[in-house]
Amino acid sequence: MAQIIDDAFPQIHIGGRVLHVDAVSAEHCDVRLTAHERLLRPGGTISGPSLFTVADYAAYVAIVARRGADGLTAATSTMTINFLSRPAAKDVLARTSILREGRRTMVIDIAMRTVGESDLVAHAVANYVLPKR
C-alpha cells in the first residue's frame, strides 16, 4: 500500500523520508513522522506545519488503503487541527479512523502522539473529496 503512494507521489520524500506507514488495517492506519531537525521549530519542538503534514498524509493513506489506486486522486477539502500539547522532538505517531465514507467524500479522524507518550499532542479531522468510481 505504501508503495502505491510512493510510486504515484514520490515528491513527498524529497529531502529524505520522514513519513512512514507503520500499519494498515480495516479499522486504522498508523503513520509515523520521524523527528528530524528540519521539522523542529525554535524551542526544540515538532512544528505545527509538520503535525499538519503527518495528519494529512495519514488521512491520505487511509483513503488509499480503503479505495486502492482509485483513491490516489482524492483531495483534501478541509482539515481542522487542534494542537493540544507541546510535542517533544521525538517521532510522532498518527492513527486514523474513518468516521464517514460516502460516495463523494470521506471524513477521517487523526489522533497524534509522540512515541512513548499516551497523551495526544494534536487531533485533526480531515474531509476529503473522492474521485468518481
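This report concerns the structure included in the present document. (Residues numbered from 1 in each chain as written. Predicted model: local features only at pLDDT ≥ 70, side-chain atom pairs only at ≥ 80, totals over all residues. Heavy atoms only, no water.)

What to know about the sheet that holds strand β5 (residues 75-83)
Okay, step 1: Spatially, the six strands line up as an open sheet ordered β1-β2-β6-β7-β8-β5, and their pairing is antiparallel. Edge positions in the open sheet fall to β1 (19-24) and β5, since each of these has one partner strand only. Strand-to-strand twist across the sheet, computed as the mean angle between neighbouring axes with direction ignored, equals 25°.
Okay, step 2: In the packing of helix α2 (residues 48-67) onto the sheet, the strands contacted are β1, β2 (29-33), β5, β6 (92-101), β7 (105-114) and β8 (122-129), and the crossing angle to β7 comes to about 130°. (Pairing = 2+ DSSP bridges. Helix = DSSP H or I, 4+ residues; strand = E, 2+ residues; numbered from the N terminus. Axes fitted to C-alpha atoms, helices over the stretch in contact; angles between N-to-C directions. Contact = heavy atoms within 4.5 Å.)

Focus: the nonpolar core
Okay, step 1: Counting residues in hydrophobic clusters, the biggest one holds 34 residues, and the most contacted among them are Leu33, Leu51, Val54, Ile110 and Met112.
Okay, step 2: Of all the secondary-structure elements, those providing two or more residues to this core are β2, α2, β5, β6, β7 and β8.
Okay, step 3: In contact with Val54, not counting residues within four places along its chain, are Leu19, Val31, Leu33, Val92, Ala94 and Met112. (Core = buried A, V, L, I, M, F, W, Y, C linked by side-chain atoms within 4.5 Å. Buried < 20%, exposed > 50% of the residue type's maximum accessible area, 1.4 Å probe, protein only.)

Considerations on the pairing of β7
Okay, step 1: In terms of residue burial, β7 counts as a mostly covered element, since eight of its ten residues are buried.
Okay, step 2: Bridge count for β6 against β7 is nine bridges, and the pairing is antiparallel. Among the inter-strand pairings, Ala94 is bridged to a residue of β7, identified as Met112.
Okay, step 3: What sits between the antiparallel neighbours β6 and β7 is a turn of three residues.
Okay, step 4: Strand direction decides the pairing type here: β7 and β8, joined by eight bridges, are antiparallel. Looking across to β8, one finds that Met112 is bridged to Ala122.

Such coordinate-based values are descriptive only and should not be taken to indicate function.
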